[in-house]
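Here's the letter readout for the chains.
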Number of protein chains: 2
Amino acid sequence: MPAPLQILARDPGSRARAGILSTGHGDVRTPAFVPLATKATVKGLVPAEVRDLGYDMVLGNTYHLFLDPGHDRIERFGGLHEFMRWDQPIITDSGGFQVFSMGHGTVADEIKGRAAHGGQRHGKTLEITEDGVRFRSHIDGSQRFLAPETSMEIQASLRSDIALVFDECTPFNVTRDYTARSTERTHRWLQRCLDWHGRHGPEGQLVYGIVQGGVHEDLRKASAETIAASGADGIAIGGSLGADKPQMYEVVDWATSVLGGAAETAPRHLLGIGDIDDLIRGVELGIDTFDCAMPTRLGRHGVALIPAPDRRWRVDLTASRWRDSDEPIFDGCPCPTCAAGNTRGYLRYLVANRELTGLRLLVVHNLAFVRRLMTRLRDAVLEGRLAEEAAALRGGAAP
Amino acid sequence: MPAPLQILARDPGSRARAGILSTGHGDVRTPAFVPLATKATVKGLVPAEVRDLGYDMVLGNTYHLFLDPGHDRIERFGGLHEFMRWDQPIITDSGGFQVFSMGHGTVADEIKGRAAHGGQRHGKTLEITEDGVRFRSHIDGSQRFLAPETSMEIQASLRSDIALVFDECTPFNVTRDYTARSTERTHRWLQRCLDWHGRHGPEGQLVYGIVQGGVHEDLRKASAETIAASGADGIAIGGSLGADKPQMYEVVDWATSVLGGAAETAPRHLLGIGDIDDLIRGVELGIDTFDCAMPTRLGRHGVALIPAPDRRWRVDLTASRWRDSDEPIFDGCPCPTCAAGNTRGYLRYLVANRELTGLRLLVVHNLAFVRRLMTRLRDAVLEGRLAEEAAALRGGAAP
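Worth saying up front: this structure is predicted, and the values here are computed from it rather than measured.

## What about the UniProt feature "active site" (unreviewed entry) in chain A?
All names here are of chain A.
Right, so step 1: Under the feature "active site" (unreviewed entry), the UniProt entry names Asp93 and Asp291. A compact arrangement is adopted by the annotated residues: their sequence extent is 199 residues, whereas the largest C-alpha distance between any two is 10.1 Å.
Right, so step 2: Structurally, aspartate 93 can be placed in the loop between strand E7 (90-92) and helix H5 (96-103).
Right, so step 3: Once residues lying within four places of it in the same chain are set aside, the contact partners of aspartate 93 are Leu59, Gly60, Asn61, Thr62, Tyr63, Gln98, Gln155 and Leu164.
Right, so step 4: The exposure class assigned to aspartate 291 is buried, which follows from its relative accessible area of 7%.
Right, so step 5: The residues touching aspartate 291, leaving out its near neighbours within four places in the chain, are Phe33, Val34, Leu36, Leu59, His269, Leu270, Leu271, Gly272 and Ile273.
Right, so step 6: Polar side-chain contacts of aspartate 291 include one of 2.7 Å to the side chain of histidine 269.

## Focus: the relation of the copies chain A and chain B
Right, so step 1: For the match of chain A to chain B, the screw axis carries a shift of 0.0 Å, the RMSD comes to 0.0 Å, and the turn is 180°. The superposition of one copy onto the other is thereby described by a two-fold rotation axis. Considering only C-alpha atoms, the part of chain A nearest the rotation axis is leucine 356 of chain A, at 3.5 Å.
Right, so step 2: Looking at the interface residues of chain A, 100% of them are also at the interface in chain B, so both copies use one shared face.

## Quick notes on the interface of chain A and chain B
Right, so step 1: Each partner contributes residues to the interface: chain A has 38 residues there, and chain B has 38 residues.
Right, so step 2: The tally of links between chain A and chain B comes to eight salt bridges.
Right, so step 3: The shortest N-O distance in the salt bridge between lysine 43 of chain B and glutamate 355 of chain A comes to 2.6 Å.
Right, so step 4: Our count for the chain A to chain B interface comes out at 30 residue pairs in polar contact (both at pLDDT 80 or more).

## A closer look at the UniProt feature "binding site: substrate" (unreviewed entry) in chain A
All names here are of chain A.
Right, so step 1: According to UniProt, the "binding site: substrate" (unreviewed entry) feature falls on Asp93, Ser94, Gly95, Gly96, Phe97, Asp167, Gln212 and Gly239.
Right, so step 2: Mapped onto the secondary structure, glycine 95 falls in the loop between E7 and H5.
Right, so step 3: For glycine 95, a relative accessible area of 1% translates into the label buried.
Right, so step 4: Setting aside anything within four residues of it in sequence, one finds glycine 95 in contact with Thr62, Tyr63, Leu146 and Phe166.

## Structural notes on the packing of aromatic side chains
Right, so step 1: Taken as a whole and judged by the stated rule, the model has 18 aromatic pairs over all chains.
Right, so step 2: Measuring from ring centre to ring centre gives 6.3 Å for phenylalanine 33 of chain A and tyrosine 55 of chain A, while their planes differ by 65°; the resulting arrangement is edge-to-face. Of this pair, phenylalanine 33 of chain A sits in strand E4 (residues 32-34) while tyrosine 55 of chain A is found in the loop between helix H1 (47-52) and strand E6 (58-60), placing the two residues 22 residues apart along the sequence. For the residue pair phenylalanine 33 of chain A and tyrosine 55 of chain A, the accessibility class agrees, reading buried in each case.
Right, so step 3: Within the aromatic cluster, the residues linked to one another by ring pairs are Phe77 and Phe83 of chain A together with Tyr346 and Tyr349 of chain B.

## Points about the nonpolar core
Right, so step 1: Within the largest apolar cluster, 249 residues are counted, with the highest numbers of intra-cluster contacts made by Ile329 of chain A together with Ile329 of chain B.
Right, so step 2: Setting aside residues up to four positions removed in sequence, isoleucine 329 of chain A forms contacts with Ala304, Leu305, Ile306, Val315, Leu317, Thr337, Cys338, Arg344, Leu347, Leu362 and His365 of chain A.

## A few points about unusual backbone geometry
Leaving glycine out, the prevailing phi sign among residues is negative, and the prevailing peptide bond configuration is trans.
Residue and element names in this part refer to chain A.
Right, so step 1: Residue proline 31 is reached from threonine 30 by a cis peptide bond, and omega for that bond is 0°.
Right, so step 2: Along the polypeptide, proline 31 turns up in the loop between strand E3 (26-30) and E4.
Right, so step 3: Of note, the phi angle at arginine 159 is positive, near 60°, even though the residue is not glycine.
Right, so step 4: Note that arginine 159 resides in the loop between helix H7 (148-158) and strand E11 (162-164).

## Some thoughts on the pairing of strand E2 (residues 17-23) of chain A
Residue and element names in this part refer to chain A.
Right, so step 1: Burial analysis of E2 places five of its seven residues in the buried class, which makes it a mostly covered element.
Right, so step 2: Two strands pair when backbone bridges link them, and strand E1 (residues 5-10) and E2 are joined in this way by five bridges, in the antiparallel orientation. Directly across from alanine 9, in E2, lies its bridge partner alanine 18.
Right, so step 3: Hairpin geometry of E1 and E2 is characterised by an intervening segment of six residues between the two adjacent antiparallel strands.
Right, so step 4: Here E2 folds back onto E3, and the loop between the two strands holds two residues.

Criteria and cut-off values
Every chain's residues receive numbers from 1 upward, in the order its sequence appears when written. Both sets of labels track the order of writing: A upward for chains, 1 upward for ligands. It should be noted that, the model being predicted, local features are given only for residues of pLDDT at least 70 and side-chain atom pairs only at 80 or more, the latter also being counted only at that level, while totals for whole chains, interfaces and linings use all residues. The side-chain quantities take in all heavy atoms of the structure and omit both hydrogens and water. UniProt positions are given in the numbering used here, feature names are shortened, and annotations may be inferred rather than shown by experiment. Counting from the N terminus, the helices are the DSSP runs of H or I reaching at least four residues and the strands are the DSSP runs of E reaching at least two. Note on definitions: a residue-residue contact is assigned when non-hydrogen atoms from the two residues lie within 4.5 Å. Relative accessibility thresholds used throughout: buried, under 20% of the residue-type maximum; exposed, over 50%; partly exposed, between the two (1.4 Å probe, protein chains only). Polar contact criterion, stated in full: a pair of N or O atoms within 3.5 Å, where within protein one must be able to donate a hydrogen and the other to accept it, and residues adjacent in sequence count only if both atoms are side-chain atoms. Only residues with pLDDT of at least 70 in both copies contribute their C-alpha atoms to the least-squares superposition of the copies. By definition, a salt bridge exists where a carboxyl oxygen of Asp or Glu is found within 4 Å of a side-chain nitrogen of Lys or Arg. Note on aromatic contacts: the rings of Phe and Tyr and the six-membered ring of Trp form a pair at centre separations within 6.5 Å, being stacked when their planes are under 30 degrees apart, edge-to-face when over 60 apart, and tilted otherwise. The term nonpolar core refers to a set of buried residues drawn from Ala, Val, Leu, Ile, Met, Phe, Trp, Tyr and Cys, joined through side-chain atoms within 4.5 Å. Between any two strands, at least two bridges found by DSSP are needed for them to pair.

Structural data, given as structure tokens:
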């Protein structure tokens, strides 16, 4: 099989690269942001819109799809692409993040979101062994089991283009010793995933290993080297990325710093990261793809992205101060929402009333914003002017 | 001012007519269904989609827009068209239905919908006098007042193309005597509305009177004649339309039967009616426009329209029996949702999970269904074959 990532250009001043990631359902222009299609849909949008916004790939969530509607059912529909009517690339996560985040007490935001809407919280990690993880479904409290092999089996049924191995998502507040032992188990599970996939994995499905190692330089570097040497098609960076952004950048830096030699051209995915400044820095650190709930979730909560670094690139349109504003989200925004002339005042009214249209208009705006940002970064790498572009964006240039 | 309705053809076997209703924001091809844009949006859709589905006009809700965001605010945005970014015709109701349905105990569905989602139910009619209606806002319990003049003033601020006069929406379970007195008050209020509009109404805004009279033939006919003679631009039929569909058809029949002479060519709107069989019958009875929450509300509740008269033209896609169905909503459906290949199984998954995308896909399907139905009825009138077309549709022909 040819290398999945074709690197077209490298930034001379950083580890950034621009390329094309080839999958069984077409190409992904990298660096790229990958919107979440957690439950077989990018919330509020239809596939044609996601494509028209310029996105090449979406991320499906193994944990959610395993519990409902079930991977066996999706397989009978012909796989996740057929089921959700998206014929471009799909990456699926392993389910590990969800089952561990329930156990470690740092409940995944999506589970919190559900509980906040009146649902009873059933989900709970029951037992973690060398074999796998026993947990309670957050839907009905039933006992379920996920192991490296079952996660790969589910992702095989979903027929995603890129599968992620099942890892222990090591939390932040544990000892170095726990992190070391957890990371070693993650490496053993990586091998089990690759073994299962070698025997049963669908033709053409890529598998990414996941770098763990917490916030410890030696563990992170050793983990990155282990993944790089494992024969996985790509390298994802997961787990606790630190207490703040500087530490997160350091952790990612450690991981990508050791990916030399043959592993240098393997595609790299940064899990769950998607703030505007993090995307810029991630690209500089050599990340090819990112996924995050941020643009879609913010939109559903009435928050729009704007080119304002000092305000975390955000404006909260639920605030009553926008009631009478006839301004656009920001001047000159070319997204479909703003091009249609929607004002902050109108959007404020819609989101305050929880109107579906309002949430959708903001999801479109936010995804369009992030897509333009990534396109600018990619073009800058291709044209050898990333430093300049990154500085402009960090300074508040509108993407 | 020229007559707003140009009648292009009449069905020889019924009172049906096909025409063009001219407004300040363009033409409406009649007979037409008018989707609700209750809170300044057709729920889940953007204006371009509503237009692309073939709709010429939407209906805004005076009660809701008066309470939030306020008609004065919308006026500062340049009116409802500007506010919601819809540049085609808008009809606004008078607010009467909502304030009276709270008082009569038959709470409007939209108010129920709100309460069912955890909101406290504040809304209540406090006092009905000759002057107007005092009521409590369902939003914050504050005391508000609506009278014929205030309703017209609100609709003037909204700058709708068609305003409806403020009427007492007579309930079903009252005496003939109450209905007679109520209808007389409605007629006095009609005159106050027309007087206010004559002095202060915006240029080009049409005003429709509303026929009341409950289920009493003489009262209905007298009311229709009163409205027809009043100088109103159009005639809406409202209030209690009976206990069942046969009675409803009879009530509408009484009203349109007396609209002869100069009043014959005035446009006629049937308020709150939109079931498939009711639309067919309504066209035969000489109705030009209809509004109803049905297609959008059913969609938001996971129900899709299908050409199945024996099943009330409906399939409930929340039912678990559709989990594994790879069928479309119905074979050959040309709507955007079905053309994209979405299956009952996938739609069932989305709506069971309350995914915005699922609700939206069904709203699109349902509005497309109703739009095709109305187009078929209109074309049939234009081509002199309504009886045949109506029989086919009643027999389960797919529109």
